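# Chain and residue survey
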Amino acid sequence: MVAASVQFGIHPPARRVIVHVSDTHLLAGDRLLGGHYDSTGHLVQTLRAVERLGIRPDAIVFTGDLTDLGEPEAYDRLRAEVDPVAARLGAPVVWVAGNHDERPALRQALLGDAATQEPVTGVWDLGGLRLIALDSSVPGWHHGDIDERQLAWLRDTLATPAPLGTLIALHHPPLPSHVPLFDILELRHQDVLAEILSGTDVRGILAGHLHYSTSGTFAGIPVSVAAATCYTMNLARPPADVNGMDAGQSFHLVHVYDDTITHSVVPVVDAPTGEYFDAAWLERMSRLTPEERLEAFSRKPIR
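Attention in this report is confined to the structure presented alongside it. Residue positions within a chain follow its written sequence, with the count starting from 1. Thresholds applied to this predicted model are a pLDDT of at least 70 for local features of residues and 80 or more for the giving and counting of side-chain atom pairs; totals over whole chains, interfaces and linings are not thresholded and use all residues. Only hydrogens and water are set aside; all other atoms, that is, all heavy atoms of the structure, feed into the side-chain values.

This part covers the pattern of salt bridges. By convention in these notes, a salt bridge is any Lys or Arg side-chain nitrogen within 4 Å of a carboxyl oxygen on Asp or Glu. Counted under the stated rule, the structure contains 12 salt bridges. Its salt-bridge partner being E51, residue R88 comes within 2.8 Å of it at the nearest N-O pair. Here E51 lies in helix α1 (residues 39-52) and R88 lies in helix α2 (residues 72-89), a separation of 37 residues in the sequence. In this structure E51 comes out as partly exposed when scored by relative accessible area, which is 30%. For helices the rule is a DSSP run of H or I covering at least 4 residues; for strands it is a run of E covering at least 2, with both sets numbered from the N terminus onward. Buried, partly exposed and exposed residues are distinguished by accessible area as a fraction of the type maximum, computed with a 1.4 Å probe on protein chains only: under 20%, between the cut-offs, and over 50%, respectively.

Here it is, written out as structure tokens:
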């Protein structure tokens with residue numbers, strides 16, 4: 001399509017695009033999570049929404065709590081749903097461990113590795129953009145931490161910059177939460193991580209854990225937290241009364257530009273949608289000069 005090659009604004013197209021999904025919380029046998037939430041069904045809906053984007057992402061990143069109880073069957077179910085979609089899109093899948101995951105079962109079912117308690121880490125070269133997965137899970141606990149071996153490995157890895165910079169993916173976000181329960185389960189020893197990341201080529205941090213979308217900065221680095229696909233937290237309550245709800249499920253669409261990174265919340269919802277803008281409309285705009293485009297689309301009508 002001609003329109004795809006036309007730059008409509010001051011920014012050229014994104015260098016890389018990543019789909020960021022979090023907190024799927026699958027259970028074996030497709031059981032309802034907490035007796036209420038169809039986590040498997042919501043995952044399927046999310047993956048359908050990802051395919052409807054009509055893009056070929058450079059990676060699909062799942063930032064933890066892939067299953068709710070770490071059951072091998074639940075990991076098998078997750079992979080059975082995700083792998084065909086990733087294959088059709090031609091995108092690698094990055095699995096990040098969360099506090100509800102169990103490392104041995106995750107490693108065996110999703111990575112094809114030995115069923116050990118070794119942290120689930122990795123590095124991906126996405127055409128010059130480096131993606132590093134850290135394991136902030138702590139076996140037997142729900143709070144987060146990153147062990148000394150991981151931190152030493154991270155320091156060594158970041159010693160050499162990547163052409164398009166680096167993104168970090170982990171489960172527990174290095175951010176405060178206004179919801180008290182999440183501060184109890186926060187990432188520990190954040191000061192050590194901040195010291196390692198400061199002055200490196202890390203351009204962004206992707207995280208989950210909170211079941212609501214939020215953002216902030218850590219050591220001067222933007223942090224983006226994707227909400228869950230299974231259920232989200234109803235923030236329209238006093239902080240002490242915030243609980244889960246079967247609504248607001250979403251994922252993030254991450255666009256990496258030369259000078260910035262954007263994180264767009266994509267709701268997974270079946271809602272009536274207008275049909276005014278489409279490929280044909282974009283094609284018509286592409287044939288106009290920049291001045292004609294402003295006249296056609298930006299100028300307000302005389303009232």
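The structure having been displayed, the exposition proceeds.
Attention shifts here to the side chain of T229. The topology assignment puts T229 in the loop between β9 (221-225) and β10 (232-233). The exposure class of T229 is buried, given its relative accessible area of 0%. Whether two residues are in contact is decided by their heavy atoms, any of which lying within 4.5 Å being enough. Filtering out sequence-adjacent residues up to four positions away, T229 remains in contact with V21, S22, D23, T24, H42, T46, Q249 and S250.

Because side chains alternate across strand β6 (residues 166-169), one face comprises the buried residues T166 and I168, and the other comprises L167 and A169, equally buried. Strand direction decides the pairing type here: strand β5 (residues 129-133) and β6, joined by 4 bridges, are parallel. Its bridge partner lying in β6, R130 is registered against T166. One bridge is not enough; two strands pair if DSSP finds at least two bridges between them. Here β6 pairs with strand β7 (residues 202-207) via 4 bridges, running parallel. Pairing of A169 across the sheet is with L206, part of β7.

Spatially, β3-β2-β1-β12-β13 is the arrangement adopted by the 5 strands of the open sheet, whose pairing is mixed. Edge strands, defined here as strands with exactly one partner in the open sheet, are β3 (93-96) and β13 (261-267). Adjacent strand axes in the sheet meet at a mean angle of 20° when their direction is disregarded. Summarising the sheet, strand β2 (residues 59-63) and β3 pair through 4 bridges and their orientation is parallel. The residue of β3 that forms the bridge with V61 is V94. With axes taken as lines fitted to C-alpha atoms, and helix axes fitted only over the stretch in contact, angles between N-to-C directions fall between 0 and 180 degrees.

Turning our attention to the packing of aromatic side chains. Each aromatic ring pair is summarised here by two numbers: the centre-to-centre distance and the angle between the ring planes. Between 30 and 60 degrees the pair is tilted, below 30 it is stacked and above 60 it is edge-to-face, where a pair is any two Phe, Tyr or Trp rings, Trp via its six-membered ring, whose centres lie within 6.5 Å. Considering all chains together, one arrives at 7 aromatic pairs under this definition. With a centroid separation of 4.7 Å and an interplanar angle of 25°, the aromatic rings of Y37 and Y231 are classed as stacked. With Y37 in the loop between β1 (16-21) and α1 and Y231 in the loop between β9 and β10, the pair connects residues that are 194 residues apart, well separated along the chain. For Y37, a relative accessible area of 15% translates into the label buried. Both rings, one in W281 and one in F297, keep their centres 5.0 Å apart while their planes meet at 70°; by these two values the pair is edge-to-face.

To continue, consider α1. A rise of 1.5 Å per residue sets the reference length of α1, with its 14 residues, at 20 Å; its end C-alpha atoms lie 20 Å apart and thus fit the reference within 8%. All of the buried residues in α1 are S39, T40, H42, L43, V44, T46, L47, A49 and V50. At its buried positions, α1 is contacted by β1, β2, α2 and β12 (250-256). Looking one or two residues beyond α1, the residue adopting positive phi is G54, at roughly 70°. To estimate the expected span of a helix, subtract one from its residue number and multiply by 1.5 Å.

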